[in-house]
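Structural overview
The primary structure of each chain is shown beneath.
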Amino acid sequence: ERIDNLHFAFVVLLRAVKKITPFLRNFDYSMGIQGEDEKAHLLVNRLLDSQIMKSCQPVFDAFDESLLFQEQHVPTLHSLKRNFKQIFQDIAKIFNCVKCQRCRLHGK
């Protein structure tokens, strides 16, 4: 179940990254440190153009979050919201068990 929760969170995260790709490509990554600004922009573009994002295209096409919270299925809507909340709480519990503060920070 924990692996399913992590997989679900990963898919949601990748879908969010895919949806904001145009924003991320045009964002000003200036930190005031010469060299680091270009490096940050390069790394973001590398992620957006990576094989991971391309290989997930079928998942992006199959998953439509706009259908999740429609009001026409009110009983299902409430249970779905509860399930979402529970999944993310379960993931938070997993990361709370991690001893290393750095890993915790990057995991959450």
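Since we're looking at a predicted model, the values are computed, not measured.

Let's talk about the overall build of the chain
For the chain, the helix and strand inventory stands at seven helices and zero strands. Going from N to C terminus, the chain has its helices and strands arranged as α-α-α-α-α-α-α. Residues classed as buried in the chain amount to 23% of the 108 residues present. Pairs at least 24 apart in sequence give 49% of the contacts found in the chain among residues at least 6 apart.

Quick look at helix H1 (residues 2-19)
Look at H1: 26 Å from first C-alpha to last across 18 residues, which is about the 26 Å you get at 1.5 Å a residue. Among the residues of H1, Asn5, Ala9, Val11, Leu14, Arg15 and Val17 are the ones counted as buried.

Some details on helix H3 (residues 36-48)
The first and last C-alpha atoms of H3 sit 18 Å apart over 13 residues, in line with the 18 Å expected at 1.5 Å per residue. In the core, the buried residues of H3 are packed alongside H1, helix H2 (21-26) and helix H4 (51-55).

Remarks on the side chain of Ser50
Residue placement: Ser50 occurs in the loop between H3 and H4. Polar side-chain contacts of Ser50 include one of 2.8 Å to the backbone oxygen of Leu47.

Focus on the side chain of Asp37
Checked against the element boundaries, Asp37 lands in helix H3. Buried charge Asp37 goes without a salt bridge, the closest partner of opposite sign being Lys39 at 11 Å. Contacts of Asp37, omitting those with residues within four sequence positions, involve Tyr29, Ser30, Met31 and Gly32.

Looking at the pattern of salt bridges
The tally for this structure, following the rule as stated, stands at one salt bridge. The residue Arg25 makes a salt bridge to Asp49 at a minimum N-O spacing of 2.6 Å. Note that Arg25 is positioned in helix H2 and Asp49 in the loop between H3 and H4, a separation of 24 residues in sequence.

Some words on a nonpolar patch on the surface
A cluster of nonpolar side chains, namely Phe10, Leu13 and Ile52, defines an oily patch on the protein surface of about 290 Å² accessible area. With respect to the helices and strands, Leu13 occurs in helix H1.

Some thoughts on the nonpolar core
Residues Leu14, Val17, Leu24, Tyr29, Ala40, Val44, Leu48, Met53, Cys56 and Phe60 constitute the largest nonpolar core, which totals 10 residues. Where this core is concerned, the elements lending two or more residues are H1 and H3. Among the elements that take part in this core, H3 stands out by supplying three residues, more than any other. Contact partners of Leu48, with chain neighbours within four places excluded, come to Val17, Thr21, Leu24, Arg25 and Met53.

Overview of the confidence of the model for the chain
Averaged over all residues, the pLDDT of the chain equals 75, while 72% of them reach at least 70. Of all helices and strands in the chain, the one with the weakest mean pLDDT is helix H7 (residues 101-107) (57), whereas H2 scores best (90).

Structural notes on the environment of Tyr29
Note that Tyr29 resides in the loop between H2 and H3. Residues Tyr29 and Lys39, 10 residues apart in the sequence, show an inter-C-alpha distance of 9.2 Å. Tyr29 has contacts with Leu24, Asp37, Ala40, His41 and Val44, leaving out every residue within four places of it along the chain.

The rules behind the values
- Residues numbered from 1 in each chain as written.
- Predicted model: local features only at pLDDT ≥ 70, side-chain atom pairs only at ≥ 80, totals over all residues.
- Heavy atoms only, no water.
- Helix = DSSP H or I, 4+ residues; strand = E, 2+ residues; numbered from the N terminus.
- Buried < 20%, exposed > 50% of the residue type's maximum accessible area, 1.4 Å probe, protein only.
- Contact = heavy atoms within 4.5 Å.
- Expected span 1.5 Å × (residues − 1).
- Polar contact = N/O pair within 3.5 Å; in protein donor to acceptor, adjacent residues only side chain to side chain.
- Lys, Arg positive; Asp, Glu negative; His and termini not counted.
- Salt bridge = Lys/Arg side-chain N within 4 Å of Asp/Glu carboxyl O.
- Patch = residues over 30% accessible without salt bridge, like charges linked within 9 Å, V, L, I, M, F, W, Y side chains within 5 Å.
- Areas by Shrake-Rupley, 256 points an atom, 1.4 Å probe, with all protein chains shown as cover.
- Core = buried A, V, L, I, M, F, W, Y, C linked by side-chain atoms within 4.5 Å.
- pLDDT = per-residue confidence, 0-100.

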